[in-house]
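# Coordinate analysis (summary)
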Amino acid sequence: MSSFLDRLGVPRRINAAGTLTRLGGSLMAPEVLEAMREAASSSVDMAELQSAASRRIAALTGAEAGLVTSGASAGLTLAAAACLAGWDAARMAALPDSRGMPARVLMLRTHRNSYDHALRLAGAQIVDIGHNDRGAGAGVRGVEPWEIESAIDAQTAAFVFVAGASGGASLAAVAEVVHRHGLPLIVDAAAQLPPASNLRRFVAEGADLVVFSGGKAIGGPQASGLLIGRRALVGSALLQMMDMDVHPATWAPAALVDTGRLRGTPLHGIGRGFKVGKEEIAGLLCALERFAARDEAAQADAWTKRLHAIADGLRGQPLLRAVLREAGPGGRAVPGLELQVGADGRPDPAAAAALCRRLQAQARPVHLAEDRLDEAVLAINPLALSPQDDAALVAGLVAALDATLGR
Ligand SMILES: *Cc1c(COP(=O)(O)O)cnc(C)c1O
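The structure reproduced in this document is the subject of the present report. (Residues numbered from 1 in each chain as written. Predicted model: local features only at pLDDT ≥ 70, side-chain atom pairs only at ≥ 80, totals over all residues. Heavy atoms only, no water.)

## Digging into the sheet that holds strand E8 (residues 225-229)
Going by this rule: Two strands pair under a simple rule: DSSP has to find at least two bridges between them. Helix numbering and strand numbering both begin at the N terminus, where a helix is a DSSP run of H or I of at least 4 residues and a strand a DSSP run of E of at least 2. Under this scheme, a helix contributes an axis fitted over its contacting stretch, all axes are lines through C-alpha atoms, and angles between N-to-C directions fall in the 0 to 180 degree range.
Sheet architecture is open: seven strands sit in the order E2-E8-E7-E6-E5-E3-E4, paired in mixed fashion. Both outer strands of the open sheet, strand E2 (65-69) and strand E4 (125-129), are each paired with one neighbouring strand and no more. With direction set aside, neighbouring strand axes in the sheet form an average angle of 25°. In this sheet, strand E6 (residues 185-188) lies alongside strand E5 (residues 156-162) in parallel orientation, the contact comprising four bridges. Paired with Val160 across the two strands is Ile186, which belongs to E6.

## Considering the site of the ligand
Heads up, the rule is: Whether a residue is near a molecule or strand is decided by its heavy atoms; if any one of them lies within 4 Å of it, the residue is near. N or O atoms within 3.5 Å of each other form a polar contact, as long as, within protein, one can give a hydrogen and the other can take it, and as long as residues adjacent in sequence are counted only when both atoms are side-chain atoms. Each accessible area is a Shrake-Rupley estimate made with a 1.4 Å probe; only the visible protein chains count as cover when residues are assessed. Residue classes follow a fixed rule: Ala, Val, Leu, Ile, Met, Phe, Trp, Tyr, Cys and Pro count as nonpolar, while Asp, Glu, Lys and Arg count as charged, and any other residue, Gly among them, counts as polar.
Lining the immediate environment of the ligand, one finds Thr21, Gly71, Ala72, Ser73, Tyr115, Asp188, Ala190, Ala191, Ser213 and Lys216. Here an oxygen atom of the ligand sits 2.8 Å away from a polar atom, N or O, in the main chain of Ser73. One of the side-chain N or O atoms of Lys216 is found 2.8 Å from an oxygen atom in the ligand. Considering the ligand on its own, with 390 Å² of exposed area, one finds that the protein chains cover 80% of that surface. A per-class count over the shell around the ligand returns four nonpolar, four polar and two charged.

## Looking at the packing of helix H4 (residues 72-85) against helix H10 (residues 231-239)
To keep things clear, this is the line we draw: With respect to orientation, any angle under 35 degrees is reported as roughly parallel, any angle over 145 as roughly antiparallel, any angle of 65 to 115 as roughly perpendicular, and every other angle as oblique. Handedness of a helix crossing follows the sense of rotation of the near helix relative to the far helix, less than a right angle counterclockwise being left-handed and clockwise being right-handed. Whether two residues are in contact is decided by their heavy atoms, any of which lying within 4.5 Å being enough.
The interhelical angle for the contact between H4 and H10, taken along N-to-C directions, is 110°, at an axis separation of 8 Å. Classified by the angle their axes make, H4 and H10 are roughly perpendicular. Judged by the twist between their axes, the crossing of H4 over H10 is right-handed. Listed contacts from H10 to Leu78, Ala82 and Cys83 of H4 are Leu233, Ser236 and Ala237. Looking at side-chain class alone, the contact of H4 with H10 contains five nonpolar, one polar and no charged residues.

## Quick look at the nonpolar core
Threshold: The set of buried Ala, Val, Leu, Ile, Met, Phe, Trp, Tyr and Cys residues whose side-chain atoms join them within 4.5 Å is what this entry labels a nonpolar core. Buried residues are those whose accessible area, probed at 1.4 Å on protein chains only, stays under 20% of the maximum for their type, while exposed residues exceed 50% and partly exposed ones sit between those limits.
Counting residues in hydrophobic clusters, the biggest one holds 101 residues, and the most contacted among them are Phe159, Leu185, Val187, Phe202, Val210 and Phe212. The residues touching Val210, leaving out its near neighbours within four places in the chain, are Val187, Ala189, Phe202, Val203, Leu226, Leu227 and Ile228. With 28 residues, the next largest nonpolar core counts Cys356, Leu368, Leu373 and Ala400 among its residues.

## What about the layout of surface pockets?
We count it as follows: Space inside and on the surface of the protein is sampled on a 1 Å grid over the protein atoms alone, with a cavity defined as a set of points where a 1.4 Å probe fits but cannot get out and a pocket as an open set with protein on both sides within 12 Å along at least 5 of 7 lines; lining residues have an atom within 4 Å of a point. Grid points are joined across faces, edges and corners, and a volume is the space filled by probe spheres set on the points.
For the second largest pocket, the calculated volume is near 470 Å³. Along its surface, the second largest pocket is lined by 24 residues, and Leu27, Arg294, Gln299, Trp303 and Leu383 are the ones closest to its centre. When residues of the lining of the second largest pocket are traced back to their parent elements, those giving at least two are helix H11 (278-293) and helix H12 (296-313). Of all the elements, H12 adds the most residues to the lining of the second largest pocket, at four residues.

Structure follows, in structure tokens:
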């Protein structure tokens, strides 16, 4: 009896690299699959489902409202679209053509990254401001309020802040200036979980909209995400994502939609292609409730225990030194096992790259975190590593090291 994936001829990979999208993101708990299964075999009104989702998300995040998107990247596009169009049906219909409306979105230079494309997709024009004195090693200064202030003009529609980016300015400092000018502040917090306290943190620090990935640490469906924040902005985003093949005489809009401020029934918006299914909405809500209720210290202990056992299995390897990086207050939220590659403790990036290639080509492919490959440091991240795969991970690593050494 072969499994569906076996019949497709697609190997199951051992993922010690974290909840990487290209490796399929998170692994879902049976309860989450059960919520998706129930939704999959039921017909529901999608507006009612998103409205219920908003109430649950609001309760768990402290935001006024929330919406399930098809990912954090889609959430960024919808957030920009909400800031550009508001409740204006004509602007919604025009996007991504943003001519004639304020469409400049400010970002700190040190926050620019390849998800900027998601903002531009809505029609936003990114203006990067400030400098990179610290990053360039040229100076001691971060970006000051006057630098943000002087960049704001009548064409400015929003400010986008990437949580976790280094350099620049604090979120609170940016929020103070941006709000003084009546502009919305969007925060990309896609991968800023755990800790679960971050579900509330960015809204509490002044964000008007925040995006999170559903398919990373929350443990929801890979193609899901959260957009949370101010009710009117989340409502506009929802409207620009919903299917709008409705009869204006019978349309029952979601509770978040402020029909009093709409001059008519909008057409399909910029987000229509970012459809979320009822399965994703149910699955992400179930995963979010489990994530918010989890005992994080116990979870970190369980991960640490497994990483200790994996490190024991790798002891005595001449090419590898394993160092446990513990989770702790003020430090990292997820423990990791750092693998320093090189003979006699000399970092060997070429050997690290060769090891990764070999691991990925094995019959049971293994993926390690490669963020620091250039320093000859690989890492085992337990977030998407199934406990059933721990032994196979060690065996795969030992086999690849043996092959590298010609043993
Ligand atoms: C992963 C990530 C995204 C995209 O998230 P998806 O849910 O995969 O769309 C956006 N921004 C940052 C900073 C991320 O890490």
